Amino acid sequence: MAVVINTNVDSIKIQHNLTSATNKLSTAMQRISTGLKVLSAKDDATGTVIAARMKVQLDGNKICQNNVQNGNAMLSTAEGNLDVVEDNLSRIRDLTLQAKNGTYSKEEIQAMQDEASELMSEIDRINTSAKFSSLFLFNDKDMQADGITFQVGANSPDDNTIAADKSLFQSIEFSVLTTMASVDFDLTQMTKEEMADALDNLDKGLDNITGRKSIIGSAQNRLESALSTLLIQEENLSNAKSIITDSDIGAEASSFTQQSILQQVSTSLLAQANQAPGIALSLV
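Residues numbered from 1 in each chain as written. Predicted model: local features only at pLDDT ≥ 70, side-chain atom pairs only at ≥ 80, totals over all residues. Heavy atoms only, no water.

J.: So what exactly am I meant to see when it comes to the nonpolar core here?
T.: As a rule of thumb, soluble globular proteins bury nonpolar side chains together. In this structure, L89, F185 and L187 are the most contacted members of the largest nonpolar core, which totals 47 residues. Among the elements that take part in this core, helix α6 (residues 192-245) stands out by supplying 12 residues, more than any other. Excluding residues within four positions of it along the chain, L89 makes contact with I123, F174, L177, T178, L202, G205, L206 and I209. (Core = buried A, V, L, I, M, F, W, Y, C linked by side-chain atoms within 4.5 Å. Buried < 20%, exposed > 50% of the residue type's maximum accessible area, 1.4 Å probe, protein only. Helix = DSSP H or I, 4+ residues; strand = E, 2+ residues; numbered from the N terminus. Contact = heavy atoms within 4.5 Å.)

J.: Is there a simple way to think about unusual backbone geometry in this case?
T.: Negative phi is the rule for most residues except glycine; trans is the rule for most peptide bonds. Unusually for a residue other than glycine, S133 sits at a positive phi of about 55°. You can see S133 is positioned in the loop between β1 (131-132) and β2 (135-136). Judged by its relative accessible area of 65%, S133 falls in the exposed class.

J.: Sorry if this is basic, but what is going on with the side chain of Q220 here?
T.: Relative to the assigned elements, Q220 resides in helix α6. Residue Q220 is classed as buried on the basis of its relative accessible area of 15%. Within the local environment of Q220, its side chain forms a polar contact with the side chain of S76, the two groups lying 3.0 Å apart. If we ignore the near neighbours within four places in the chain, the residues touching Q220 are N72, L75, S76 and E79. (Polar contact = N/O pair within 3.5 Å; in protein donor to acceptor, adjacent residues only side chain to side chain.)

J.: Can you help me understand a negative patch on the surface in this one?
T.: Taken together, the side chains of D184, E193, E194 and D197 define an acidic patch exposed on the protein surface. Tracing the backbone through its elements, the reader meets D184 in the loop between α5 (174-178) and α6. Accessibility expressed as a relative area gives 60% for D184, which makes it exposed. (Patch = residues over 30% accessible without salt bridge, like charges linked within 9 Å, V, L, I, M, F, W, Y side chains within 5 Å. Areas by Shrake-Rupley, 256 points an atom, 1.4 Å probe, with all protein chains shown as cover. Salt bridge = Lys/Arg side-chain N within 4 Å of Asp/Glu carboxyl O. Lys, Arg positive; Asp, Glu negative; His and termini not counted. Charge placed at Lys NZ, Arg CZ, Asp CG, Glu CD.)

J.: What exactly am I supposed to notice about the packing of aromatic side chains here?
T.: Geometrically, a pair of aromatic rings is defined through the distance of the ring centres and the angle of the planes. Scanning the entire structure with this criterion turns up one aromatic pair. With 6.0 Å between their ring centres and 80° between their planes, F174 and F185 make a pair best called edge-to-face. On the criterion of sequence distance, the pair formed by F174 in helix α5 and F185 in the loop between α5 and α6 is long-range, its members being 11 residues apart. The same class applies to F174 as to F185, namely buried. (Phe/Tyr/Trp six-rings, centres within 6.5 Å; stacked < 30°, edge-to-face > 60°.)

This is the structure in structure tokens:
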């Protein structure tokens, strides 16, 4: 091999090796410190696109999980109010039967009437004031006309929604439920025929409330099923995205050690290669 001064080929080769080891060492450190295998699009162009789409789906999935939980909370709030209305209607029915027993004085029947009137007023109050967040549950024209739709999927098609029927949100005012005005519901003046009508109307009101609660239960079951599906999707998407983007820390630690050793060796050899042209002095 010729002895030259101007071009030190060995030094150039070792510099290339040193640069390569340094770059790989830097990459290994970044992957370990960030936990990411794909640090930029150049690392995996196709994987970057796929991972970005998966992230969009995962973000949408988490929003929809919140949607489902809020939907369940809304339906539970409606059911809780309906429970109170059901209890009040049932109590009014009990008072109606009690008042016609013939063993009570006018004053005692009037006390029963006073209690019934208060219960009717409470039903009417719930009708106008029951809310979930800023929505009136039984006094919102839009919900009474169209019901409400819960978004339970991260995409747009109709199969990503669950509808709560408009029948859930109709008025629960006492006179609407029983098809009679509270002013006509007078236990102190009620004849036998009127009592039969009153009991029949109260039973219709109770059937209305229990029917709504049944619909709520069915809707909540669907929401629970949708939540289970969302959780499974989240798990699968997270796993697939992890395969593309997450670094194998064990493998990167091995790479870090290997490149660190190569960097040190290359640095040491470069120092020796840079001294090689000095041999020419011994020939002069």
